[in-house]
Amino acid sequence: KAPIAKVADTVSGYFVPVVLVIAVLAFILWLIISKNVATAINIFVSILVVACPCSLGLATPLAIVIASGNASKKGILVKTSETLENAHKVKTICFDKTGTLTKGELSISKIYNYSNIEENEILKNVASIENKSEHPIARAIVKKAQEEKIELEEIKEFKAIPGFGVEGITQNGEKYLIGNKKLMVENNIKISNEQDEKDLVNQGNSILFVSLNNELIALIGVKDILKENVVDVIKKLKNRNIDIVMLTGDNEKTADIIAKEIGINKVISNVTPKEKSEQIKKLKTNGLVMMCGDGINDSVSLVTADIGVSVSSGTDIAMDSSQVVLMNDNLEKIDDLIDISRKTIRNIKQNLFWAFFYNICMIPIACGILKPLGITMNPMIAAFAMTISSLTVVLNALRLRI
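Since this is a predicted model, take the numbers as computed values, not measurements.

Caption draft 1: Quick peek at the packing of aromatic side chains. Tallied over the entire structure, the rule returns five aromatic pairs. When the ring of Tyr-112 is compared with that of Tyr-114, the centres are 6.5 Å apart and the planes differ by 5°; the resulting orientation is stacked. Overall, the relative accessible area of 18% leaves Tyr-112 in the buried class. Judged by its relative accessible area of 27%, Tyr-114 falls in the partly exposed class. With 5.8 Å between their ring centres and 90° between their planes, Trp-354 and Phe-357 make a pair best called edge-to-face. Residue Trp-354 and its partner Phe-357 are located together in helix H15 (residues 332–366), separated by three residues, close to a single helical turn. Residue class for Phe-357 comes out partly exposed when judged on its relative accessible area of 39%. Counting every residue linked through ring pairs, the aromatic cluster contains Phe-353, Trp-354 and Phe-357. The ring of Trp-30 carries the charged tip of Lys-371 above its face, separated from the ring centre by 5.7 Å.

Caption draft 2: Representation of the pattern of salt bridges in the model. A full pass over the atoms with the stated rule returns 14 salt bridges. The partner of Lys-276 in a salt bridge is Asp-298, and the shortest N-O contact between them spans 2.6 Å. Placement of the pair is Lys-276 in helix H12 (residues 273–283) and Asp-298 in the loop between strand E11 (288–293) and helix H13 (299–304), with a sequence separation of 22 residues. Since its relative accessible area comes to 1%, Asp-298 is described here as buried.

Caption draft 3: Spatial organisation of the sheet that holds strand E5 (residues 165–169). Read from one edge to the other, the open sheet built from six strands follows the order E3-E8-E7-E6-E5-E4, with strand pairing classed as antiparallel. Each edge of the sheet is formed by a strand with only one pairing partner; in this case those strands are strand E3 (107–113) and strand E4 (157–161). The mean angle between the axes of side-by-side strands here comes to 15°, regardless of whether they run parallel or antiparallel. When E3 meets strand E8 (residues 215–223), the two strands line up antiparallel, connected through six bridges. Opposite Ile-108, over in E8, you have Val-222 as the bridge partner.

Caption draft 4: Helix H2 (residues 37–50), seen in detail. Here H2 contains 14 residues, and its C-alpha end-to-end distance of 20 Å stays within 8% of the 20 Å for a straight helix at 1.5 Å per residue. Among the residues of H2, Ala-40, Ile-43, Ser-46, Ile-47 and Val-50 are the ones counted as buried. All buried residues of H2 fall inside an arc of 130° around its axis, so they share one side. Where H2 is buried, its residues touch helix H1 (5–34), H15 and helix H16 (379–398). At the N-terminal end of H2, a side-chain oxygen is found 2.9 Å from the backbone nitrogen of Ala-38, two or three residues along, and the residue is Asn-36.

Caption draft 5: Focus on the side chain of Asp-335. By secondary structure assignment, the location of Asp-335 is in helix H15. Judged by relative accessible area, Asp-335 falls into the buried class, the value being 14%. Excluding residues that lie within four positions of it along the chain, Asp-335 makes contacts with Lys-236, Leu-237 and Arg-240.

Caption draft 6: Expanded view of the nonpolar core. Counting residues in hydrophobic clusters, the biggest one holds 49 residues, and the most contacted among them are Ile-93, Phe-95, Leu-101, Leu-237, Ile-262, Leu-331 and Ile-334. In terms of residues, this core owes the most to one element, H15, which gives eight residues. If we ignore the near neighbours within four places in the chain, the residues touching Phe-95 are Thr-100, Leu-101, Ile-234, Leu-237, Ile-244, Val-245, Met-246, Leu-247, Cys-292, Leu-331 and Ile-334. Counting 24 residues, the second-largest nonpolar core is a separate cluster that includes Ala-127, Ile-141, Leu-212 and Ile-220.

Caption draft 7: Quick look at H15. Its 35 residues give H15 an end-to-end C-alpha distance of 51 Å, which sits within 8% of 51 Å, the value for a rise of 1.5 Å per residue. Of the residues one or two after H15, Gly-368 is the one with positive phi, at around 90°.

Caption draft 8: The environment of Ile-207, seen in detail. Counting through the fold element by element, Ile-207 comes out in strand E7 (residues 206–212). Put simply, Ile-207 and Lys-89 are 118 residues apart on the chain and 37 Å apart in space, counted from C-alpha to C-alpha. When neighbours within four sequence positions are excluded, Ile-207 is seen to be in contact with Gly-179, Asn-180, Glu-197, Leu-200, Val-201, Leu-219, Ile-220 and Asn-251.

Caption draft 9: Just the sheet that holds strand E2 (residues 90–95), in detail. Strand order in this open sheet of seven strands is E1-E13-E12-E11-E2-E9-E10, and the pairing throughout is mixed. Where the open sheet ends on each side, the last strands, each with one partner, are strand E1 (76–78) and strand E10 (266–268). Sheet twist, expressed as the mean angle between neighbouring strand axes with direction ignored, is 20°. Inspection of the sheet shows E2 paired to strand E9 (residues 243–247) by four bridges, in the parallel sense.

Caption draft 10: Molecular detail of the packing of helix H6 (residues 119–130) against helix H7 (residues 136–147). Orientation of H6 relative to H7, taken along the N-to-C sense of each, is 135°, at an axis distance of 8 Å. For the element pair H6 / H7, the angle class is oblique. Relative to H7, H6 is oriented so that their crossing is left-handed. Contacts from Leu-123, Val-126, Ala-127 and Glu-130 in H6 reach Ala-138, Ile-141, Val-142, Lys-144 and Ala-145 in H7. Looking at the contact of H6 with H7, its residues break down into seven nonpolar, no polar and two charged.

Thresholds applied
Residues numbered from 1 in each chain as written. Predicted model: local features only at pLDDT ≥ 70, side-chain atom pairs only at ≥ 80, totals over all residues. Heavy atoms only, no water. Phe/Tyr/Trp six-rings, centres within 6.5 Å; stacked < 30°, edge-to-face > 60°. Buried < 20%, exposed > 50% of the residue type's maximum accessible area, 1.4 Å probe, protein only. Helix = DSSP H or I, 4+ residues; strand = E, 2+ residues; numbered from the N terminus. Lys NZ or Arg CZ within 6 Å of the ring centre and 35° of its normal. Salt bridge = Lys/Arg side-chain N within 4 Å of Asp/Glu carboxyl O. Pairing = 2+ DSSP bridges. Axes fitted to C-alpha atoms, helices over the stretch in contact; angles between N-to-C directions. Expected span 1.5 Å × (residues − 1). Arc of directions from axis to C-beta. Contact = heavy atoms within 4.5 Å. Polar contact = N/O pair within 3.5 Å; in protein donor to acceptor, adjacent residues only side chain to side chain. Core = buried A, V, L, I, M, F, W, Y, C linked by side-chain atoms within 4.5 Å. Parallel < 35°, antiparallel > 145°, perpendicular 65-115°, else oblique. Left-handed = near helix turned anticlockwise from the far one by under 90°. Nonpolar A, V, L, I, M, F, W, Y, C, P; charged D, E, K, R; others polar.

Below you can see the structure in the form of structure tokens.
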């Protein structure tokens, strides 16, 4: 149930006993005035019928159902009514980079080999381990190995380290650590090839550090492609006075290059999944926060945000953790979601207004306040009026389908 429905529930909680009291008092008053039981009963029943709060009950759920249907037609799966109500109130939207703002169709641009091992052998071992991961960078490594017709081997042990990378032991008992710079630092692995790292970053690469038995043996530069419409999406959201933030575990330089190209001014980089969640908590102090991501690394932040949005090409855990799924991966649908939310809440408020206005007008007439002017109401007319009230709310809600 949408939170705004509580307004109708609260009103109905007071409305029903008040109407019963009014009906009883009107019955007693007209029994005294007219000294006619039939007249008093007629007014008593008319008040109860005309005041039936059907339209109040229809006002919110009908609009929500129609709006959810509209969203589904546009490829937006909204899981909760609360999400539909709050989407237009969002003050900040955080985007993950890889696979969300970018296509996630990564390709290896450069490999720096610092060992005596052949490059193809390194690629074979790295791809064999990354084959167990769902991360877009891992897919790029595996794809490159397949293109080179390198046969992958089974891995003895595999461990995903969210926000850092992966760890694996090959059939030969060699321990590989593959991930970002933080993973190397955490394991006290010396990094002495900073110039190569800078060159890769300046070219807009994401970097995989590869260590064998706790010694750095390679740097792999991976490039991504921006989604076609992402620049327009960011521009539209900015026009709604929404703050846009890139929240990524990638290195600062690469994130800044991509953000500048897209038009995002605020970048929070080099963050682990836990740090992403903490950053979202900070941003929530300024208003509702929406998080858009696609990977395992984003699942915690998707739950932490007021509204979590995932893309259908993302991991299952990301889609389970979010309240909204964009079925065709089109980020433009976020703008559509906000627009649907705004129209839905406006429609619900209109429905509630007409429901309240109707009762304010009809109950006094049913009480016989205009009887001296020759205007009266009997139960049949009251039933018809009540039907018209509900029909007005239904027709107004159906306008959302246009």
